[in-house]
Every structure is written in structure tokens, then in C-alpha cells.
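Chain by chain, the residues run as shown.
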Amino acid sequence: MSSLRSSLGDYLGSRGNSNNSAGALNQSRLGLRLTKGTSQLADASRNGLRSVEVARSATLFTRGAASRDGEGKLTFNHIISVLWRRKLLIVTCVVIAVLVAGAYVELKKPTYTATATVELTPAAVSGSGASTPSLPALADPSFAIDTTDVAKLAAKYLHETDPQRLVGAASVSENTQGNLIYVSASSKSSGRAVALSNAFAKALVAYAASEVQSQVLQMQREVNTYSREIANLQARLAADGGHNAALQIQITALSSDESSVLAQEASLANAGPQALVEQTAQTAYPSGISKKKLGAIALVIGLLVGAGVALVRDQLDTRVHGRPELEALEDLPVLGELPVHKDRKASTSKVAIIDQPHSVLAESVRDLRTSLQALLEDKPAALLMVTSPAPGDGKTFVAVNLAAAWALAGKQTLVVSADLRRPRLEAALGLASELPGLSQLASLDRSSRPPWAPTEDQAGPPTTEEISTSLQPTPLPSLRAIAAGSIPDNPAELLAGEPMTVLLTRLREIADVAIFDTPPVLSVTDACVLGSQVDGTIVVVSEGDTDRGALDRAIQRLTETGSRILGIVINRSTNATTSLYYPY
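Since the structure is predicted, the reported quantities are computational estimates derived from the model, not experimental observations.

**Student:** Looking at this model, I keep getting lost on the overall build of the protein chain. Mind explaining?
**Tutor:** Counting its regular elements, the protein chain contains 24 helices and 13 strands. Evaluated residue by residue, the protein chain yields a buried proportion of 45% over its 584 residues. For the protein chain, contacts bridging at least 24 residues in sequence account for 78% of all contacts bridging at least 6. Carbon and sulfur atoms provide 56% of the accessible area of the protein chain, an area that totals close to 29000 Å².

Right, dumping it as C-alpha cells:
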């Protein structure tokens, strides 16, 4: 801060000295322009511009591209700032998501699910110590439950005539030991769900029994086949006299296989049922997502959607939003933040620092004055210009209240209506329109001026008497104003003329601080013309209204024409009332 203050002091001091020389005055009127190329910067250096001014111009030229490159990067702090700024949008998305979930719960009929339990009881093969092979129907219960055979059995228990409608109506799951099967069925009716679950459980047990019976019949057929083959071999052996060793070996092998099948057949036949319904379904319970869980999911979805929409809108939104964004995008200090004034939309803007001296707005203006005093401590009589990128940013409001703050500090202050196209200062301070103003003082032709102080010269810069006659009083004794006067045909030429240069020099003699309210930078060239002749320029932006691209172009245009931009003032800031000042 100290180095910045020192550099700015040296810089402003050099400008003050140059204003006392005719060469510097001519250079100001020519409106020296710094362009993008390196050759133009070098030419500006040779024309006498200080090296620090050249470096600052180059920095400000490259700042626009650098800020645009970094504009798309989302840091954690930026994301938090965006989410907080657009919290109303996020809350709206959450409310909509929760309401939609609630409507879904109310309109959708609940689904009920009932579950019956089936226990598997595998039989052991007699005398072998090994388990009976898994039955095909129960090896994969999820497959068996969806078969047409099981559906036909279930339809029989339900007394229904269309088994195809029941295919897939139930599902199964197993416990970790694999000895229990849970048969579940769902329906819009709790009674229907219970009936389906029990019917499919019985059908699955019956299906398992039928599969066992099928295996028994298959084994019986195998035994009959073995018996016939053994009888044939025995007949051939008898024909050979009982001395054929090969036939005896075949008969022995077939007899062994026959005995094994007979043992398995007897084991299956005597083992009893392979599956039993251990517990029938008695009650069906609502299934699906519970209301609490659905509400939690809706809340999360609403937050995510709201945050996503907020971030997308922020990336598409090119307006200025607060100090952190400006400090990240612009290579200029933020001098102050002024909160929203309740009368800002009124036809006549009041001087808030006088009407509400203890308000947050008044304290914000005093803070702005303090920042400028620190930057201009080496200037005994400072000339300041207040401008903005576009109309409606509140530059006149800032200029009037800043001038009033300086006057309340005991400084002889002038506020000049330098907007010679659409003057606003007169309405804010109630100035008389019939008195001479800036357009008459900046005119070379004395015949166009009212007879304030008779003089024999018909041309020339304004005299001290003429300037004193044009000063108008305000509610503050230390604050005087100069109106815009009649609307001229050539405002830019008047502001760049020799009488205006003399006027600026003589204003330093009668005031400690002079503040000029000028037109917007991007609308006309008046601000750029006057900016090169004053000690510093203040750029006013309106939070939520000023376009970042417009601000970039305004700063670049002011810099190219030799204006010394002291910093940016954020008008109508929402942050100024919440974080900068506290009740006392």
C-alpha cells in the first residue's frame, strides 16, 4: 500500500507540474493515446510520458485478455460465493424437487409385498453317506419360479384359468445357508400379494415333489434296462457253458450299477418331501422407497440441480457481482462499496450523507473519501473525475455524496456538472439553470457568455470573477457547485479547449477538491477528453447491472487516452450492508 501510494504520489505530482507548462497542456488537448502495439508505447515514452505510466498502460491493456482467460476458472471460494449469491435460486430448486416428490407419493398408489418361506429338506442316500444330488427344480429357484409349470400350479391354487398372467408374478431369494427360500409377490392390493406369495410357495413345493417323482421314474427305467441287459448276458454265458470270463465281468459290472440305482431309488422314495412351506405369508407391507427416503433424495437432487443451474448462470452472466470478482478480474483497487439507496429510483436523487448521516451508506461514502485522501495526500488541490462505463450506474449520486463528504470534512469543495449532454447534477443539488455554467466558462467566445464581469476582451479563457459568479451555493457552506449551463453543440471540443485548461488551473486556486461529474465513457468521448487533464479518475460500476465487458472497454479507453484511474467504486452493493459495517 505504501509503495502504491508513493508511486501514485510521484505520478500525480509529475502531472501537476506538467499542467503548469504549455507543452503539457498541448499534449493533454491532443489526447495522447496508448495503443496495443509495442511501437506505440515506445512513442509515448519518447513524448515524455513517465516510465511508470507506460508500464501501467501496458498492464491495463493486457489485463482484459488475462481476465477473460481466468474468468472461466472456478475456484473453491468463487464457487462458494456464487452459491451464496444465488441461494434463492437453489432454495427454489429444492422446494420444487420436494414438492414434486410429495405429489408423486400422494398420487402413486402404494405397492404391497408379501413373503412366504420354503425350507429345503434334502434326503441322504441309504448306506452311502453322501448327499442326494441337487434337484433340478431347486438348484436354481429363481429359474423355477418363472417357469410355466410353476405358474400352472399357482393358478390351480388361486383358482385362476390363465396361468400365463402369473408367469413372473413372484420372485425368490435364498438365505446364506441355502436351506431357506423366500418367495415374494407384489401387488397393488395387500390381499392379492399375500395370496400370490402363498400360492407360489405351494407351487414351488409341488414342483419340487414332481421333479423328485420324475427322477424316481427315470431310475426305475434305468433298473429295468439293467435287468434286461443282465438277463441277455446270462443267457449267452449259459450257452457258452459258463466259462466266458468276459461275459462274467460285464454281468458283474451291470449288476453293480443296477444295485446303485436301486439304492438311490429307494432313498428318494423313502425320503419324503424335498421342500416344505415353513411359514406362509400373513401380511403384506408397502414396498419401494419410503416417504422419508424419497424426501431426502428429492432434497439432494434439488441441491445438486440448484447448484448446477447457479454455476451455469454465473458462467453465462457477464455482469459485475461484488468486490471479490472485480479484484480477480481487474488490475485496479476497489476504493469503496456503496449500498443500495432507498431513493435511488426517485426523480431527484438526495444527498444521502446529509439526509442520513448515521446510515451505512453515509459511512461507506466516508470510507471512500478516506481511501481517496490516502491516494491524494500529496496533492494540495486535487481535481477528480467521476464516470462510469454506461448510463444508470449511479456516477452522479457518487459524485454528489463524495463532494458532500469532503465538504463535511472542512475542505473547500467544488462539484462540477461536466455532463454537457444530459446533466444530472442540477436536479440532485437543486441548482439554478438560468445562471452561467461550465459550457459558458469553457467557451472562447465571450459574446456567448452572459455579462458576469464586463471586459473589453471578446475572446479568451474565463477570469476569476467569471468563475466566482458561476459558483452556486448548496446546503453545505463548504460545498459549491458549477452547473452545466446551456447544452453546446460541441461538448468534447469545449472540454479539450484552452479555456477549459485555464479553468482547471484556476479551480485549483479556489478549492481544495474539485469533483467533475462526466458522461459515461462508452457513450461519448467527453470523459476521455477531461480524464487526461485531471489528477485522477473514479470509475463507478453498479453491482448486478454493469457488464464486465463494458467495464473492460471503458478502462482500456480511459487508459489509452491518458487518464489516471485511481480505482473502482461499487454502487448498489449488497455486500456493503452485510459484511463491511456493523451496528454501533
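**Student:** Explain the nonpolar core to me, please; I cannot follow it from the model alone.
**Tutor:** Soluble globular proteins: nonpolar side chains tend toward being buried together. Counting residues in hydrophobic clusters, the biggest one holds 42 residues, and the most contacted among them are L326, L438, M500, F516, L530 and L551. L335, L338, V400 and I515 belong to the second-largest nonpolar core, a separate cluster that totals 40 residues.

**Student:** Looking at this model, I keep getting lost on a nonpolar patch on the surface. Mind explaining?
**Tutor:** Side chains of I289, I297, I301, V305 and V309 sit close together on the surface and give an oily, nonpolar patch of about 390 Å² of accessible area. Within the element layout of this structure, I297 appears in helix 12 (residues 291–316). Classification of I297 as partly exposed rests on a relative accessible area of 35%.

**Student:** Would you mind going over the sheet that holds strand 12 (residues 536–542) with me for this structure?
**Tutor:** Whenever strands of a sheet pair, they do so through backbone hydrogen bonds, lying parallel or antiparallel. If you walk across this open sheet you meet the 8 strands as 6-13-12-7-11-8-10-9, and the pairing is mixed. Bordering the open sheet on either side are strand 6 (334–339) and strand 9 (472–473), each of which pairs with just one other strand. Pairing of strand 8 (residues 413–417) with strand 10 (residues 479–482), which is carried by 4 bridges, proceeds in the parallel orientation. Residue pairing for strand 10: V415 is matched across the bridge by A481. Along the sheet, helix 13 (residues 322–329) contacts strand 6, strand 12 and strand 13 (565–573); its crossing angle with strand 6, the most-contacted strand, is approximately 155 degrees. Sitting on the sheet, helix 21 (residues 498–510) is in contact with strand 7 (382–387), strand 8, strand 10 and strand 11 (513–517), with an inclination near 140 degrees to strand 11.

**Student:** For this particular structure, what's the right way to read the packing of aromatic side chains?
**Tutor:** Think of a pair of aromatic rings as described by two things: how far the centres are apart, and how the planes are tilted against each other in angle. A complete count under the given rule lists 0 aromatic pairs for this structure. For K87, the ring lying beneath its charged end belongs to W84, and the centroid distance is 4.2 Å.

**Student:** Whenever I open this one, the pattern of salt bridges confuses me. Can you help?
**Tutor:** Here the idea is simple: oppositely charged side chains can pair when their charged atoms come close. Scanning the model with the defined rule gives 13 salt bridges in all. Linking E337 and R323 is a salt bridge whose minimum nitrogen-to-oxygen distance equals 2.9 Å. In this pair, E337 is assigned in strand 6 and R323 in helix 13, connecting sequence segments 14 residues apart. For R323, a relative accessible area of 23% puts it in the partly exposed group. In this structure, R508 engages D535 in a salt bridge whose closest nitrogen and oxygen atoms are separated by 2.8 Å. Remark: D535 occurs in the loop between helix 22 (526–531) and strand 12 and R508 occurs in helix 21; sequence separation between them is 27 residues.

**Student:** Quick question: what am I supposed to make of the pairing of strand 6 here?
**Tutor:** Both faces of the sheet carry side chains from a regular strand, because those side chains alternate between them. Of all 6 residues making up strand 6, 6 are buried, and the element is well covered by its neighbours. Across 4 bridges, the pairing between strand 6 and strand 13 is parallel. Across the sheet, P339 pairs through a bridge with S573, a residue of strand 13.

**Student:** For this particular structure, what's the right way to read unusual backbone geometry?
**Tutor:** Glycine aside, the phi torsion of most residues is negative, and most peptide linkages are trans. The phi torsion at H159 lies on the positive side, around 60 degrees, for a residue other than glycine. Within the secondary structure, H159 sits in the loop between helix 9 (148–158) and strand 2 (170–174). Residue H159 is classed as exposed on the basis of its relative accessible area, which comes to 73%. Of note, the phi angle at R572 is positive, near 55 degrees, even though the residue is not glycine. Looking at the element boundaries, R572 is found in strand 13. Note on R572: relative accessible area 14%, which makes it buried.

**Student:** Help me out: how do you make sense of the side chain of N198 in this one?
**Tutor:** Mapped onto the fold, N198 is located in helix 10 (residues 190–239). Exposure remark for N198: the relative accessible area of 16% places this residue in the buried category. Each residue touching N198, except ones within four places of it in the same chain, is listed here: A116, T280 and A281.

**Student:** Just to check I follow, could you spell out the confidence of the model for the protein chain for this structure?
**Tutor:** The predicted coordinates should not be examined in detail at positions where pLDDT is low. Mean pLDDT over the protein chain: 78, with 76% of residues reaching 70 or higher. For the protein chain, per-element mean pLDDT is lowest for helix 2 (residues 22–30), which scores 34, and highest for strand 11, which scores 96. Contacts from residues 123–137, a stretch scored under 50 in pLDDT, to residues over four places away or in other chains number 26 contacts.

**Student:** Would you mind showing me how to read the pairing of strand 8 here?
**Tutor:** The element strand 8 is largely enclosed, with a buried count of 5 among its 5 residues. Side chains of strand 8 alternate between two faces, with T413, V415 and S417 and L414 and V416 buried alike. Pairing of strand 8 with strand 11 involves 5 bridges; the strand directions are parallel. Each residue of the ladder has a partner; that of V416, found in strand 11, is F516.

**Student:** Would you mind going over the side chain of T113 with me for this structure?
**Tutor:** Assignment of secondary structure puts T113 in strand 1 (residues 111–120). Among the polar contacts made by the side chain of T113, one reaches the side chain of S186 at a distance of 2.8 Å. Not counting chain neighbours up to four residues away, the residues in contact with T113 comprise S184, A185, S186, A193, T283, A284, Y285 and S287.

**Student:** When you look at the environment of L233 in this model, what are you seeing that I'm missing?
**Tutor:** Within the fold, L233 resides in helix 10. Remark: the alpha-carbon pair of L233 and Q248, spanning 15 residues in sequence, is separated by 8.1 Å. If we ignore the near neighbours within four places in the chain, the residues touching L233 are L247, Q250, I251 and L254.

**Student:** Is there a simple way to think about the environment of V502 in this case?
**Tutor:** Structurally, V502 is set in helix 21. For V502, a relative accessible area of 18% corresponds to the buried category. The spacing of V502 and T463 is 39 residues in sequence and 8.9 Å in space, taken between C-alpha atoms. Beyond its immediate sequence surroundings of up to four residues, V502 is in contact with P461 and P462.

**Student:** Just checking my understanding: could you explain the packing of helix 15 (residues 360–375) against helix 16 (residues 395–408) for this structure?
**Tutor:** Two numbers describe a pair of packed helices, the interaxial angle and the distance between the axes. At a minimum axis distance of 9 Å, the contact between helix 15 and helix 16 shows a crossing angle of 75 degrees. The angle between helix 15 and helix 16 falls in the class roughly perpendicular. Where helix 15 abuts helix 16, its residues L361, V365, L368, R369, L372 and Q373 lie against F397, V398, N401, L402, A405 and W406. Looking at side-chain class alone, the contact of helix 15 with helix 16 contains 9 nonpolar, 2 polar and 1 charged residues.

What counts, and at which threshold
- Residues numbered from 1 in each chain as written.
- Predicted model: local features only at pLDDT ≥ 70, side-chain atom pairs only at ≥ 80, totals over all residues.
- Heavy atoms only, no water.
- Helix = DSSP H or I, 4+ residues; strand = E, 2+ residues; numbered from the N terminus.
- Buried < 20%, exposed > 50% of the residue type's maximum accessible area, 1.4 Å probe, protein only.
- Contact = heavy atoms within 4.5 Å.
- Areas by Shrake-Rupley, 256 points an atom, 1.4 Å probe, with all protein chains shown as cover.
- Core = buried A, V, L, I, M, F, W, Y, C linked by side-chain atoms within 4.5 Å.
- Patch = residues over 30% accessible without salt bridge, like charges linked within 9 Å, V, L, I, M, F, W, Y side chains within 5 Å.
- Salt bridge = Lys/Arg side-chain N within 4 Å of Asp/Glu carboxyl O.
- Pairing = 2+ DSSP bridges.
- Axes fitted to C-alpha atoms, helices over the stretch in contact; angles between N-to-C directions.
- Phe/Tyr/Trp six-rings, centres within 6.5 Å; stacked < 30°, edge-to-face > 60°.
- Lys NZ or Arg CZ within 6 Å of the ring centre and 35° of its normal.
- pLDDT = per-residue confidence, 0-100.
- Polar contact = N/O pair within 3.5 Å; in protein donor to acceptor, adjacent residues only side chain to side chain.
- Parallel < 35°, antiparallel > 145°, perpendicular 65-115°, else oblique.
- Nonpolar A, V, L, I, M, F, W, Y, C, P; charged D, E, K, R; others polar.

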